[in-house]
Amino acid sequence: MSKADPTSPGCQAVLQLAGDLEQCLKAITPDKRDHRGLKTLIEKHIDKFPNAAELDEARIIRNCIAHRDPITDAQVQRAEAALEEAVDDILPYCPEALQQRLRMGRGEGGHECAT
């Protein structure tokens, strides 16, 4: 198994996608008391995510990247795919301006992340 480099493009994509997802979830969560991290926000809107198990694993992988815990390239790839799917799932619930900004930032193929 190959260990993932936290500075690799895949790891950076996971961090960016998780940030995009958190931004989306905050935008549709009016009660600021629920803005206590990605896990809480996901739990609040779990019914909007058909891939909840994969999303939870992706969130954990994001934490591993942020804390430089050992992970594999395969885990990073799965996390990136799950987070891309989650952002796509939640975007229709977001304000139009946020949808447009994130879609433009990700490009038509959906592989580049917003900045």
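Source: prediction; values computed, not measured. Numbering of residues starts from 1 in each chain and follows the order in which that chain's sequence is written. In view of the model being predicted, local features appear only for residues whose pLDDT reaches at least 70, and side-chain atom pairs are presented and counted only at 80 or more, with totals across whole chains, interfaces and linings using the full set of residues. Side-chain metrics in this entry use all non-hydrogen atoms of the structure; hydrogen atoms and water are not considered.

> Before we move on, could you go through the overall build of the protein and cite the residues and values that matter?
Helix and strand labels come from DSSP, where a helix needs a run of H or I of at least four residues and a strand needs a run of E of at least two; each type is numbered from the N terminus. Summing up its helical and strand segments, the protein has 5 helices and 0 strands in all. Starting at the N terminus and ending at the C terminus, the protein contains elements arranged as α-α-α-α-α. Both definitions apply: the radius of gyration is a C-alpha atom measure, and the globule rule equals 2.2 Å times residues to the power 0.38. Here the C-alpha radius of gyration of the protein, 14 Å, is about what a compact globule of 115 residues would show, namely 13 Å. With the principal axes as the frame, the protein shows a C-alpha extent of 40 × 30 × 20 Å. Residue exposure (1.4 Å probe, protein chains only): buried if accessible area is under 20% of the type maximum, exposed if over 50%, otherwise partly exposed. Each of the 115 residues in the protein was classed as buried or not, and the buried ones make up 45%. For the protein, the exposed area adds up to about 6600 Å²; of that, 51% sits on carbon and sulfur atoms. Looking at charge distribution, the protein has the averaged site of its 15 positive side-chain charges lying 7 Å from that of its 20 negative ones. Per-residue accessibility takes into account occlusion by the displayed protein chains alone, with areas from the Shrake-Rupley method and a 1.4 Å probe. Charge convention: Lys and Arg are scored as positive, Asp and Glu as negative, and His as well as the terminal groups of each chain are ignored. A single reference atom marks each charge: NZ on Lys, CZ on Arg, CG on Asp, CD on Glu.

> Can you lay out the pattern of salt bridges for me, pointing to particular residues and giving the numbers?
One side-chain nitrogen of Lys or Arg within 4 Å of one carboxyl oxygen of Asp or Glu is enough to make a salt bridge. Under the counting rule described, the total for this entry stands at 4 salt bridges. A salt bridge links D56 to R59; its shortest N-O distance comes to 3.0 Å. Here D56 pairs with R59, and both are found in helix α3 (residues 52-66), just 3 residues apart, close to one helical turn. Owing to a relative accessible area of 35%, D56 belongs among the partly exposed residues under this scheme. The partner of R78 in a salt bridge is E57, and the shortest N-O contact between them spans 3.4 Å. Pair noted here: R78 is in helix α4 (residues 73-90) and E57 is in helix α3, with a separation of 21 residues, a long-range link.

> Pulling in residues and values, what's your account of the confidence of the model for the protein?
Note: pLDDT gives the predictor's confidence per residue, expressed from 0 to 100. Considering every residue of the protein, the mean pLDDT works out to 90; 91% of them sit at 70 or more. A low-confidence stretch, residues 108-115 stays under pLDDT 50, and its non-local contacts, those more than four residues away or across chains, total 21 contacts. In this description, contact between two residues means that some pair of their heavy atoms is separated by no more than 4.5 Å.

> Residues and numbers for α3, please.
Along its 15 residues, α3 runs 21 Å from first to last C-alpha, staying within 8% of the 21 Å computed at 1.5 Å per residue. Those residues of α3 hidden inside the fold are in contact with α1 (9-27), α2 (38-44) and α4. Following α3 by one or two positions, R68 adopts a phi angle in the positive range, close to 60°. Expected span of a helix: the number of residues minus one, times 1.5 Å.

> Lay out the environment of R78 in plain terms, naming residues and giving numbers.
Owing to a relative accessible area of 46%, R78 belongs among the partly exposed residues under this scheme. Once the C-alpha coordinates of R78 and D34 are considered, the two residues, 44 residues apart in sequence, prove to be 27 Å apart.

> Explain the nonpolar core to me, and be specific about the residues and the numbers.
Here, nonpolar core refers to any group of buried Ala, Val, Leu, Ile, Met, Phe, Trp, Tyr and Cys residues whose side-chain atoms link them within 4.5 Å. By size, the foremost hydrophobic cluster in this structure holds 30 residues, and its most contacted members are L21, L25, I71 and L83. Contributing elements (two or more residues each) for this core: α1, α2, α3, α4 and α5 (96-106). Those residues within four positions of L21 in sequence are excluded, and the remaining contacts are L38, I42, F49, L55, L83, A86, V87 and I90.

> I'd like a description of the packing of α3 against α4, backed by residues and values.
Axis geometry follows a simple rule: fit a line to the C-alpha atoms, using only the stretch in contact for helices, then measure angles between N-to-C directions, giving values from 0 to 180 degrees. Two elements in contact, α3 and α4, have axes whose closest approach is 8 Å; the angle formed by their N-to-C orientations is 120°. As far as their axial angle goes, α4 and α3 are oblique. With respect to the hand of their crossing, α3 and α4 are arranged in left-handed fashion. Residues E54, L55, E57, A58, I61 and I65 of α3 form the contact with α4, whose own contacting residues are Q75, V76, R78, A79, A82, L83 and A86. We call Asp, Glu, Lys and Arg charged. Ala, Val, Leu, Ile, Met, Phe, Trp, Tyr, Cys and Pro are nonpolar, and the rest, Gly among them, are polar. Across the contact of α3 with α4, the residue classes break down as 9 nonpolar, 1 polar and 3 charged. Should an angle fall under 35 degrees it is called roughly parallel, over 145 degrees roughly antiparallel, and 65 to 115 degrees roughly perpendicular, with every other angle called oblique. Crossings are classed by handedness, with left-handed meaning an anticlockwise turn of the near helix from the far one by less than a right angle and right-handed meaning a clockwise turn.

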